[in-house]
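# An overview of the molecular structure
The lines below spell out each chain.
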Amino acid sequence: MALRTSAANTHKARRSLLWRLHIDVPLLVGLLALMVFSLLVVYSAGGESLALVKRQLIRFGAGLTVMLLLAQVAPRTLKEWAPLFFVVGIGFLLAVLFFGESSKGAQRWIDIGVRFQPSEIMKLAVPIMVAAYLADKALPPTFKHLLVSLVLVIMPTVLIMIQPDLGTSLLIAASGFFVIFFAGLRWRYILGALGVGLILAPIMWYFTMEEYQKGRVLTFLNPESDPLGSGYHIIQSQIAIGSGGIYGKGWLNGTQSQLEFLPERHTDFIFAVLGEEFGLIGIIILLALYFFVIWRGLYISLQGQDSFSRLLGAALTLTFFVYLFVNIGMVSGLLPVVGLPLPLISYGGTSIVTLMASFGILMSIQTHRRLHSA
Amino acid sequence: MLKQREAIKDVGRETSMFFVRCVIALIIVFGLMIFLLVREFKLQVIEHNKFQTQSENNRIRVQPVAPVRGLIYDQSGKLLAQNRSIFALEIVPEQVNDMQDTIARLREMFDISDEQVAKFLEQVKFRPKFNSYAIKTNLDEREVAVFSTSQHFFPGVSVEARLERYYPYAASLVHVLGRMGAITQDDLIRMDEKDVQQSKEIGTTRQRYAATSKMGKLGLERYYENELHGEVGSEKVETDVRGRVVRVLEREEPKAGKDIHLYLHLGLQRKITQLMKEKGVRGAVVAVEPSTGGVLAMVSQPAYDPNMFTGGISSKEYAKLLTPERPLYNRAVQGTYPPASTIKPHLAFLGLKDGVITPNTRVADPGWFSLPNNDHRYRDWKAWGHGATVGVMQAIVESCDTFFYDLSVRLGINNIHEGMTQFGFGQKTGIDIVEEKVGIMPSREWKKSARGEPWYNGDTVNIGIGQGFWTVTPLQLANATAVLANDGIRYNLQLAKEFAQDNVYEANTPVMAYHQIDTSDGSWLDLVKDSMKRVTEPPKGTAKTAFADAEYVAAGKTGTAQVRSIAQDEEYDATKIAEKFHDNALFIGYAPFEQPKIALAVMMENAGGGGSNAAPIAREILDYYLLEVLTINQAETAENQEETANGAAN
């Protein structure tokens, strides 16, 4: 015991500065590596526009700042504020429904001095709230606690689904569900839910999905049916990736992407540019970086001080994975097209800031730990 | 199982359960990543050949089609800027295997300078590789024929006919129309910044320029770039393996830019240019229509031929333009000069309005003026003075300096600054040219911040005769003249009168923005205008010789500016020290007196006295416009009216 304390002490002394800044070095290194990768690909995908790279750099700067700020907030504080955070978020979502601004057929924005998307807040508010709720209960949760948690997840999910924003509602549902999963949800419930889902799917299809969403799924099942419409994306991105081969065509040399066959090539479909120009090797490097970040996130969560930290940390980490899995899956033709960016690589979007905020929370979990136990 | 109201937390069990779940999650993550990798492996390794072929055979390509640039016309519909088709040697970088080799071989056939090569490579570097870029323009017929016989040796290279801007009146309009230039990397960045400012998706504006290689760089071409450019179209084309277009599948027509019709009168513009050339002077003349603020003519001499820039100017040719005469410099909008005596009418009006003088005020004129308790003498241009005492009207007609030294001290710099700002000095005239300068309408604050010195009374004395720190552009001077002609109403100056697209005409609105100077006691203005009328009349008017026997009544004011340097911010002509000390000749005026149709300002660098040099030119300009141009118009109008009347009678 004495040995461990002194080891911890020397440990603390050696990296005291970064520790006091609440920075987790391995996680930071992983994130920075992804950002560099992003700038390279955005430069190429954006038609070699330095202005685009500059704007992306500004977003990364903002993301890192938000991360640093959130890392200063102790998990305990976060937990205390969770209910308020959540209620305000729900309030904004309701406000969007009634007063929101529409763009491209969806009502997602609200203007209170600054224009923002409340669903973005909920990406953090939902897992924080569910974790705060379950952390005080005995785990695994009882049926009653389980029901309450599900309500906490489903309420915002439904509100976002009717905006409509399928991608985001899916992410939020997943983040809430992950908290419950890590809280020890029994396997039979999980299997049961999957069964219910299969039964509910056709009902959802007919009653809640918008035409364009149905179109995407149909196109996914048979992209050749609409080669110049929504199937175009999938076919073209697969050609781009496939023609990249093992080594890729080289940076700035992707003919598919440079020839503008690929739509949205610097945002949601940026993975295709990466696959074409950097080949399988580039993709392996990207996935390795992602895996490293996820491993570090789970490792930090495992060491979490209390149930709240552990549940939240692990759920945020897995949500990050959902992002990349869904995006790569859709660009490679494995999943229907939903509007989700490739995390930390795609150009633009508020997603960078939200993602970096969740990494800030992870850093807080990691660095507030030993300070308390000392 | 017993129902428990509150279960007890079992920390050890929770921790181990969490550990297990994390491991499971990590395994699932790893598994799904492998699943993704298997998919990419399938696409990139197993099916690589198939996709490789598909990528190469991706025959359908969308290519941008450039819109036709809007034309520019004068007020009577004469074409001032048109598009002419020329032949250019163009390269599609993507289709060239060895660019160095291709260029080297092309240079054996054609005369292509190092500079053209450098420019071409620079342009290609930052723009899509599948577009076509010119390495040499203005090919003649022989060159076109020579290339067509050996085209097959040059994959990716072709001779293309392109529309290029052409200015039929060349140098006489360059300082109005401006010119075009190649789109640079800086331009592209500016486009992106514009997208950001207008919260458009980045790349929107670039997309608009996808098929365009030139854009407006100066003058109207630059100011109205947005209107003139039009909207890009697109063509879905089928290409062969080399990327050559086999056939067009679909075409979305580009939308031509808007045409612009100017207030400008081509004849007047050319007449003024010719007069200034004959005199061989540097300078600027601006003529405006007082009732609208429309610019009838804007000449800056010397000038240059903007068509030289069309095919990309070489640095050798460009260097030729960098003479001490500075033809590139637009004196009408960028030149800032002391206004000298031309602003005496405005100061007199201000003195009357503010009540510091009356029509009966008389000032002793021994030929000089001095401030109380100071023996420095500010000299009048007439060494022995204009008489024992001088009144305001005589002071304007004979351009008496002593009177205005005295008046400026009575007004004080604060009043002068405020009053002259209302005439538009120290401000932009609103003219539709980006390069416009504002000159200096000095004030205490200005001197403090620009020079770090307090304002002295001596500074005010100099201001009284339009010297000292006060500088104006010829545009401002013409505008301030129009204000007098127009009884105090100041319009924004405008070159463009209306835009036309698909036969729909749309007026250029901002011209209506104006400022009304307080002229509630009309006698102030009448006195000033009357004095200006007498400037062009015997016995004492400073412009009486120039306006002798005029067939109309004109009002005017001469000015002769002492020049220390051509303008404070110019530094070029160290070689011309001697000439640099010659006075600038100025004249402002309007006519006809009762119903002014034209107001103008003439500014001639180092030409000598205003009365003997600038006023005669003004006379010829007014003669031309009032007696030749407007008479013709009137005849036409009269004819039309007669016809209408006859028609009605019948």
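- The name that an unreviewed UniProt entry assigns to chain B is Peptidoglycan D,D-transpeptidase MrdA, with the source organism given as Kangiella marina.
- Quoted straight from UniProt, the Catalytic activity (unreviewed entry) entry for chain B says "Preferential cleavage: (Ac)2-L-Lys-D-Ala-|-D-Ala. Also transpeptidation of peptidyl-alanyl moieties that are N-acyl substituents of D-alanine."

- Looking at an unreviewed UniProt entry, one finds chain A named Peptidoglycan glycosyltransferase MrdB and attributed to Kangiella marina.
- Of the comments in the UniProt record for chain A, the one headed Sequence similarities (unreviewed entry) reads "Belongs to the SEDS family. MrdB/RodA subfamily."
- Quoted verbatim from the Function (unreviewed entry) field of UniProt, the annotation for chain A is "Peptidoglycan polymerase that is essential for cell wall elongation."

## Focus on the packing of helix H6 (residues 118–135) of chain A against helix H8 (residues 166–182) of chain A
All names here are of chain A.
- As a packed pair, H6 and H8 sit with axes 9 Å apart at the nearest point and diverge in direction by 15°. Put simply, H6 runs roughly parallel to H8. Between H6 and H8 lies a crossing whose hand is right-handed. Where H6 approaches H8, its residues Ser119, Met122, Lys123, Val126, Pro127, Val130, Ala131 and Leu134 are matched on the opposing element by Thr168, Leu171, Ile172, Ser175, Gly176, Val179 and Ile180.
- Residues that form the contact of H6 with H8 fall into these classes: 10 nonpolar, four polar and one charged.

## With respect to the UniProt feature "binding site: Zn(2+)" (unreviewed entry) in chain B
Residues and elements named next belong to chain B.
- Look at the UniProt record and you will see "binding site: Zn(2+)" (unreviewed entry) annotated at Asp365, Asp380, His386 and Cys400. Taken together, the annotated residues stretch across 36 residues yet fold into one region, lying no more than 8.9 Å apart by C-alpha.
- The residue His386 is located in the loop between strand E15 (378–379) and strand E16 (389–391) in this model.
- Excluding residues within four positions of it along the chain, His386 makes contact with Asp365, Asp380, Trp381, Gln394, Glu398, Ser399 and Cys400.
- Its location among the elements puts Cys400 in the loop between helix H15 (392–397) and helix H16 (401–422).
- Other than its neighbours up to four places away in sequence, Cys400 contacts Lys344, Asp365, Asp380, His386, Val390 and Ala395.

## Description of the nonpolar core
- Judged by nonpolar contacts, the single largest core of 124 residues is most densely connected at Leu262, Leu268, Met298 and Phe425 of chain B.
- No other element matches the 11 residues that helix H22 (residues 610–649) of chain B contributes to this core.
- Setting aside its immediate chain neighbours within four residues, Leu268 of chain B contacts Ala287, Leu296, Ala297, Ile598, Ile621, Tyr624 and Tyr625 of chain B.
- By size, the runner-up hydrophobic cluster in this structure holds 113 residues, among which are Ala240, Phe321 and Met363 of chain A together with Ala25 of chain B.

## A word on the UniProt feature "transmembrane region" (unreviewed entry) in chain A
Residue and element names in this part refer to chain A.
- Sequence positions flagged by UniProt for "transmembrane region" (unreviewed entry) are, in local numbering, residues 25–45, 81–100, 146–162, 168–185, 190–208, 278–299, 311–338 and 344–365.
- The distance separating the terminal C-alpha atoms of residues 278–299 is 30 Å; by composition the span is 100% helix and 0% strand.
- The distance from the first to the last C-alpha atom of residues 311–338 is 27 Å, and the span holds 75% helix and 0% strand.

## Here we look at a nonpolar patch on the surface
Residues and elements named next belong to chain A.
- Together, Phe143, Leu147, Leu150, Ile154, Val158 and Ile162 give the surface a local cluster of nonpolar side chains, amounting to about 550 Å² of exposed area.
- The topology assignment puts Phe143 in helix H7 (residues 143–161).
- Its relative accessible area of 52% is what places Phe143 among the exposed residues.

What counts as what
Every residue gets a number counted from 1 within its own chain, in the order that chain's sequence is written. Working convention: letters from A go to chains and numbers from 1 go to ligands, in the order in which they are written. Where totals are concerned, whole chains, interfaces and linings use all residues; where local detail is concerned, this predicted model gives features only for residues with pLDDT of at least 70, and gives and counts side-chain atom pairs only at 80 or more. Computation of side-chain values covers all heavy atoms of the structure but excludes hydrogens and water. UniProt positions are given in the numbering used here, feature names are shortened, and annotations may be inferred rather than shown by experiment. Under this scheme, a helix contributes an axis fitted over its contacting stretch, all axes are lines through C-alpha atoms, and angles between N-to-C directions fall in the 0 to 180 degree range. Each helix is a run of DSSP H or I of at least 4 residues and each strand a run of E of at least 2, with the numbering of both proceeding from the N terminus. Put simply, angles under 35 degrees are roughly parallel, angles over 145 are roughly antiparallel, angles from 65 to 115 are roughly perpendicular, and the rest are oblique. Crossing handedness is defined as follows: a turn of the near helix away from the far one that is anticlockwise and smaller than a right angle gives a left-handed crossing, while the clockwise case is right-handed. By definition in these notes, contact holds between two residues if any of their heavy atoms fall within 4.5 Å. When residue character is reported, Ala, Val, Leu, Ile, Met, Phe, Trp, Tyr, Cys and Pro are called nonpolar, Asp, Glu, Lys and Arg charged, and the others, Gly included, polar. By nonpolar core we mean a set of buried residues, namely Ala, Val, Leu, Ile, Met, Phe, Trp, Tyr and Cys, connected to one another through side-chain atoms within 4.5 Å. Accessible area is worked out with a 1.4 Å probe on protein chains only. A residue is then buried under 20% of its type maximum, exposed over 50%, and partly exposed in between. Patch members must show over 30% relative accessible area and no salt bridge, and they are joined within 9 Å when carrying like charges or within 5 Å when they are nonpolar side chains of Val, Leu, Ile, Met, Phe, Trp or Tyr. Using the Shrake-Rupley algorithm and a 1.4 Å probe, accessible areas are obtained, with residue cover drawn only from the displayed protein chains. What counts as a salt bridge is simple: a side-chain nitrogen of Lys or Arg found within 4 Å of a carboxyl oxygen of Asp or Glu.

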